[in-house]
Amino acid sequence: TVAPGAAAVALGATVVVIVSTLMGILTFTWRVRVCVTREAITWRSPVHSQRWNRSSVTRFVHVEMTSPTIRHGLDYYIAVAADSRCLFRMETAWWWSRSDVERIAQALGVRIDSAGVLTAHQAAVRYPGSAAWWLRHPWGFAIPTAVIVLAVIGGLVTLIQALLS
């Protein structure tokens, strides 16, 4: 038998994991805005804002980024600083269109170069900060996913046991 308190904790943990995962996905993919003013460029999302001087972005680089964790390359536009560091990246398969990137580049007065097809590791070396952790590590997506799935299964099993006892 499972104590009712343990079932409540397991159910609560399951709900927290599911809600946290959904909120993480939504906050980093939903309602992100790029604002270009005379002085600065600002990246705004519901939980994160960052601001750079307009002159910080020297160009955009178009990269088709490949990784063992994905089937097809991701179409990325990387805002690059003078030292080749990535200030921010705009992924065009889901969230941004090429015309969005072209409008921002035009507003900043910078060009868009092409780097062709790069692995996530090559992109991270050439443009530090350009490739997400989960793209650079083949197991980077599998481990968090497995933890979430196991937490949900564990919570549901504990809840079912509590209900049946």
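Everything below is about the structure printed above this text.
What counts as what
- Residues numbered from 1 in each chain as written.
- Predicted model: local features only at pLDDT ≥ 70, side-chain atom pairs only at ≥ 80, totals over all residues.
- Heavy atoms only, no water.
- Salt bridge = Lys/Arg side-chain N within 4 Å of Asp/Glu carboxyl O.
- Helix = DSSP H or I, 4+ residues; strand = E, 2+ residues; numbered from the N terminus.
- Buried < 20%, exposed > 50% of the residue type's maximum accessible area, 1.4 Å probe, protein only.
- Phe/Tyr/Trp six-rings, centres within 6.5 Å; stacked < 30°, edge-to-face > 60°.
- Expected span 1.5 Å × (residues − 1).
- Pairing = 2+ DSSP bridges.
- Axes fitted to C-alpha atoms, helices over the stretch in contact; angles between N-to-C directions.
- Contact = heavy atoms within 4.5 Å.

**Focus on the pattern of salt bridges**
Then comes step 1: For the structure shown, the criterion picks out four salt bridges.
Then comes step 2: A salt bridge links Asp113 to Arg59; the shortest N-O distance between them is 3.2 Å. On the criterion of sequence distance, the pair formed by Asp113 in strand 7 (residues 112-119) and Arg59 in strand 4 (residues 59-66) is long-range, its members being 54 residues apart.
Then comes step 3: The closest approach of N and O atoms between Arg103 and Asp100, which form a salt bridge, is 2.6 Å. Of this pair, Arg103 and Asp100 both sit in helix 2 (residues 98-108), three residues apart, which is roughly one turn of the helix.
Then comes step 4: Under the relative-accessibility criterion, Asp100 is labelled buried at 18%.

**Some details on the packing of aromatic side chains**
Then comes step 1: By the definition in use, this model includes four aromatic pairs.
Then comes step 2: When the centroid spacing of 5.1 Å and the interplanar angle of 35° are considered together, the rings of Trp43 and Phe88 count as tilted. Of this pair, Trp43 sits in strand 2 (residues 40-44) while Phe88 sits in strand 6 (residues 86-91), and the two are 45 residues apart along the sequence. An identical accessibility class is assigned to Trp43 and Phe88; each is buried.
Then comes step 3: Taken together, Trp43, Trp52, Phe60, Phe88 and Trp96 form an aromatic cluster joined through their ring pairs.

**Description of helix 5 (residues 142-164)**
Then comes step 1: Compared with an ideal rise of 1.5 Å per residue, which puts 23 residues at 33 Å, helix 5 spans 33 Å between its outermost C-alpha atoms and is within 8% of the ideal.
Then comes step 2: Listed as buried for helix 5 are Val152, Gly155, Thr158 and Ala162.

**Observations regarding the sheet that holds strand 2**
Hydrogen bonds between backbone groups are what pair the strands of a sheet, and the pairing can be parallel or antiparallel.
Then comes step 1: Pairing is antiparallel across the open sheet formed by three strands, whose spatial order is 1-2-3. The sheet terminates laterally at strand 1 (33-36) and strand 3 (49-53), the two strands that pair on one side only. With direction set aside, neighbouring strand axes in the sheet form an average angle of 15°.
Then comes step 2: Pairing of strand 2 with strand 3 involves five bridges; the strand directions are antiparallel. Considered in strand 3, the bridge of Ala40 is made with Asn53.
Then comes step 3: Strands strand 1 and strand 2 of the sheet are contacted by helix 2, whose axis makes an angle of about 25° with strand 1.

So, to be careful, I would describe these as geometric facts and stop short of saying anything about function.
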